[in-house]
Amino acid sequence: MAEVTPSQDFLTQPDGKPVVPGGLNVLTILTFIGSGLGFLGVCWNFFNAKKGIEAMENMINSPQFDSMPAFAKKFYTPEALELARKAYENRIPITLIGLIGIGLCVYGAIQMRKRKMQGYYMYVIGELIPFVVNTILLGVGFITGMSGLIGVAFAILFVLLYTMQRKHLTEK
């Protein structure tokens, strides 16, 4: 067992390499998982946007629509259909910005695992850019849907959790 001296930093191994603190370790692993799922989601939306519009139009025009419960009909409003059309028309910039945001989050997480403060800033930028650009391209309506609200909630939660871990990061 290695002997620990009082002057040894508890966040370094005996050979001097930094140890990733537990909370930061968990957050970065969750970021890698979330970024992978986000990548799949961005690709799915790019390739299936037209199918989504067609499915929504078919549901609205189907005889089953009138017998649907009121809460289910709220998912098939004219505003939701217009939002889906705008997303389809802007799918290339939305996809590119989504991929850039994912890349910045992954890069930021990697840098934070190295205990670098620049990783925190990259992560925050990676979380914010897609929301800002989507708001410009699609309007605020994209946030009001269930997936938009969940996305905003997770982004805010992770930024706050990473903010609490900044004490472990250095400016170097």
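Residues numbered from 1 in each chain as written. Predicted model: local features only at pLDDT ≥ 70, side-chain atom pairs only at ≥ 80, totals over all residues. Heavy atoms only, no water.

## A look at the overall build of the chain
Next up, step 1: In terms of regular secondary structure, the chain is built from 7 helices and 0 strands.
Next up, step 2: Along the chain, helices (α) and strands (β) appear in the sequence α-α-α-α-α-α-α when read from the amino end.
Next up, step 3: When the 172 residues of the chain are sorted by exposure, 30% land in the buried category.
Next up, step 4: Across the chain, the fraction of contacts at a sequence separation of at least 24, relative to all contacts at a separation of at least 6, is 68%.
Next up, step 5: Carbon and sulfur atoms make up 69% of the accessible area of the chain, which totals about 11,000 Å². (Helix = DSSP H or I, 4+ residues; strand = E, 2+ residues; numbered from the N terminus. Buried < 20%, exposed > 50% of the residue type's maximum accessible area, 1.4 Å probe, protein only. Contact = heavy atoms within 4.5 Å. Areas by Shrake-Rupley, 256 points an atom, 1.4 Å probe, with all protein chains shown as cover.)

## Overview of the packing of aromatic side chains
Next up, step 1: On inspection of all chains with the given rule, the structure shows 4 aromatic pairs.
Next up, step 2: The ring of Y88 has K50 sitting right over it, with the charged end atom 5.3 Å from the ring centre.
Next up, step 3: Seen from the ring of Y88, R91 lies directly overhead, with NZ or CZ sitting 4.2 Å from the centre. (Phe/Tyr/Trp six-rings, centres within 6.5 Å; stacked < 30°, edge-to-face > 60°. Lys NZ or Arg CZ within 6 Å of the ring centre and 35° of its normal.)

## Description of the packing of helix 1 (residues 22-61) against helix 3 (residues 78-89)
The description of two packed helices rests on the angle between their axes and on the distance between the axes.
Next up, step 1: Contact pair helix 1 / helix 3: the axes reach a minimum separation of 9 Å and the direction vectors enclose 160°. Of the possible angle classes, the one that applies to helix 1 and helix 3 is roughly antiparallel. The handedness of the crossing between helix 1 and helix 3 comes out as left-handed. In this structure, helix 1 uses A49, K50, I53, M56, E57 and I60 to contact helix 3, whose residues at the interface are A80, L81, A84, R85 and Y88.
Next up, step 2: Here the contact of helix 1 with helix 3 is built from residues that sort into 8 nonpolar, no polar and 3 charged. (Axes fitted to C-alpha atoms, helices over the stretch in contact; angles between N-to-C directions. Parallel < 35°, antiparallel > 145°, perpendicular 65-115°, else oblique. Left-handed = near helix turned anticlockwise from the far one by under 90°. Nonpolar A, V, L, I, M, F, W, Y, C, P; charged D, E, K, R; others polar.)

## Points about the nonpolar core
Next up, step 1: M112, Y120, Y123, Y162 and L169 are the most contacted members of the largest nonpolar core, which has 13 residues in total.
Next up, step 2: Counting only elements with at least two residues in this core, the list comes to helix 1, helix 4 (91-113), helix 5 (117-138) and helix 7 (146-164).
Next up, step 3: Among the elements that line this core, the one with the most residues is helix 5, at 4 residues.
Next up, step 4: The contacts of Y162, once residues within four sequence positions are left out, are L24, L27, T28, T31, A109, M112, Y120 and Y123. (Core = buried A, V, L, I, M, F, W, Y, C linked by side-chain atoms within 4.5 Å.)

## Here we look at the environment of V42
Next up, step 1: Here V42 lies in helix 1.
Next up, step 2: Between the alpha carbons of V42 and L96 there is a distance of 9.0 Å; along the sequence they are 54 residues apart.
Next up, step 3: With residues near it in sequence (within four places) discarded, V42 still touches T95, G98, L99 and I102.

## Considering the packing of helix 1 against helix 7
Next up, step 1: Two numbers describe how helix 1 lies on helix 7: the axes approach to 10 Å, and their chain directions differ by 150°. The pairing of helix 1 with helix 7 is recorded here as roughly antiparallel in orientation. Helix-helix and strand crossings are classified by hand; for helix 1 and helix 7 the assignment is left-handed. Where helix 1 abuts helix 7, its residues L24, L27, T28, L30 and T31 lie against F158, L161 and Y162.
Next up, step 2: When the residues that make up the contact of helix 1 with helix 7 are grouped by side-chain class, the tally is 6 nonpolar, 2 polar and no charged.

These results come straight from atomic positions and should not be treated as a statement about function.
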